[in-house]
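Topology and contacts: notes
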Amino acid sequence: MINKLCIIGVGLIGGSLARDLRAAGVVREIVGHGRGLGNLELAVELGVIDRAAVSSADAVRGADMVVIAVPVGAIGQVLADIAPAIGAQSVVTDVGSVKGSVVAAARDSFKQHFSRFVPGHPIAGTERSGVGASLSGLYRGRHVILTPESDTAGDAVQRVSDMWRHTGARVSTMSAQEHDAVLAASSHLPHMLAYALVDMLVRRDDHRKVFDFAAGGFRDVTRIAASDPTMWRDICLNNRKAIVEMLRQYRDDLGAMIAAIDKGDGQWLEETFARAKHAREILFPNNDK
Ligand code: NAP
């Protein structure tokens, strides 16, 4: 049971977590904090939080669980702001899509209390933002990755794992470095490709015609280009090395594809497409999303 849950950044991810924990009956009070009142008033109106706190220090005081769910670029400041007000028994976690930089910021701000910080990342979401986009059941059957360090307290990891399991999520652990490399490949690279593709096409003089005649395939591969630009700017700036590595590898593979098409190498093309098709069918047997 969580007595006081504090969510800093009551948007899609923080709001959806609050909804699920309330529905599971495992939380007594949910207090939210954000940059201004607009979003928080809507959060109270929607029943996502019980009340809004005026300062982050107020929000975390007496909370047994604190979840930081702001964009990655804002997490460092939030950690620094709340560090003096965190109680010895409180557990703090985050949901940021990058882990290495968040761990470094938490170590910096929390110092000897760093053991109470459990870095986390739910692998679930949509391209929409704000508390209005939050929904129940977002995490059911999804992975949540925790990246505890060797000096993270075991009981804190347990409490954060338990919290996520109440949403129906599957909890895994790995190092922050491994997380950032894996997510650069599975999530960050596809988002870069979607943004680059739509931006390239919209700059064409005939883009209206191009989009008018775009079919389901175009919609499928570009859905995530509607994701929040601030969030993705922050992810890029905080996982630069791994993302650049993936983009370079992709560029090289694209170069090989250009060469094969240019010289009419049908065998190379068919083999490459067959390998990818086979892998996709194994990954998503019912072509599910
Ligand atoms: P979101 O819907 O925009 O929610 C973030 C909330 O944080 C906003 O509602 C906003 O609330 C507050 N906020 C925004 N900018 C802030 C700032 N500069 N300083 C302080 N608070 C700020 O975003 P989200 O999709 O929930 O993402 C939140 C975190 O989850 C990010 O770190 C992201 O990397 C991670 N994540 C996202 C997804 C996804 O698919 N969207 C998946 C997994 C993890 P106020 O307006 O009340 O300030």
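A brief report on the enclosed structure follows.

Quick look at the site of the ligand now. The environment of the ligand is made up of 24 residues, and the closest members are I13, R35, V70, S97 and G130. Contact between the ligand and L12: an oxygen atom at 2.9 Å from a main-chain N or O atom of the residue. At 2.6 Å from an oxygen atom of the ligand is found a side-chain nitrogen or oxygen belonging to S97. Alone, the ligand offers 880 Å² of accessible surface; in the complex the protein occludes 84% of this. Of all the elements in the fold, those that place two or more residues in the shell around the ligand are α1 (12-23), α4 (72-82) and β7 (120-122). For the shell around the ligand, a count of residues per class yields 12 nonpolar, 11 polar and one charged.

A word on the packing of aromatic side chains. By the definition in use, this model includes four aromatic pairs. Between the aromatic rings of F110 and F117, the centroid separation amounts to 6.1 Å while the plane-to-plane angle is 85 degrees, which identifies the pairing as edge-to-face. The exposure classification of F110 matches that of F117, with both residues buried. On the numbers, 5.6 Å between centres and 40 degrees between planes, the contact of F211 with F218 is tilted. By way of ring pairs, the aromatic residues F110, F114 and F117 are connected into one cluster. The ring centre of F114 lies 4.1 Å from the NZ or CZ of R107, which sits over that ring.

The next thing to look at is the packing of helix α11 (residues 240-262) against helix α12 (residues 266-283). Helix-helix packing is described using two parameters, namely the angle between the two axes and the distance between the axes. Running from N to C, α11 and α12 point in directions that differ by 135 degrees, and their axes come no closer than 8 Å. With respect to α12, the element α11 is oriented oblique. From α11, A256, M257, A260 and I261 reach across to α12, where they touch W268, L269, T272 and F273. Of the residues contributing to the contact of α11 with α12, the split by class is seven nonpolar, one polar and no charged.

Let us now look at the pattern of salt bridges. One pass over the full model with this rule turns up 12 salt bridges. When the shortest N-O distance is used, the salt bridge between R204 and D206 registers 2.8 Å. Between E281 and K277 there is a salt bridge; the shortest N-O distance is 2.6 Å. Of the two residues, E281 and K277 are both situated in helix α12; the distance of four residues between them amounts to about one turn of the helix. Look at K277 and you get exposed, because its relative accessible area is 53%. Among the charged side chains, a network of salt bridges with common partners joins R107, E149 and D151.

Definitions and cut-offs
- Residues numbered from 1 in each chain as written.
- Predicted model: local features only at pLDDT ≥ 70, side-chain atom pairs only at ≥ 80, totals over all residues.
- Heavy atoms only, no water.
- Near = heavy atom within 4 Å.
- Polar contact = N/O pair within 3.5 Å; in protein donor to acceptor, adjacent residues only side chain to side chain.
- Areas by Shrake-Rupley, 256 points an atom, 1.4 Å probe, with all protein chains shown as cover.
- Helix = DSSP H or I, 4+ residues; strand = E, 2+ residues; numbered from the N terminus.
- Nonpolar A, V, L, I, M, F, W, Y, C, P; charged D, E, K, R; others polar.
- Phe/Tyr/Trp six-rings, centres within 6.5 Å; stacked < 30°, edge-to-face > 60°.
- Buried < 20%, exposed > 50% of the residue type's maximum accessible area, 1.4 Å probe, protein only.
- Lys NZ or Arg CZ within 6 Å of the ring centre and 35° of its normal.
- Axes fitted to C-alpha atoms, helices over the stretch in contact; angles between N-to-C directions.
- Parallel < 35°, antiparallel > 145°, perpendicular 65-115°, else oblique.
- Contact = heavy atoms within 4.5 Å.
- Salt bridge = Lys/Arg side-chain N within 4 Å of Asp/Glu carboxyl O.

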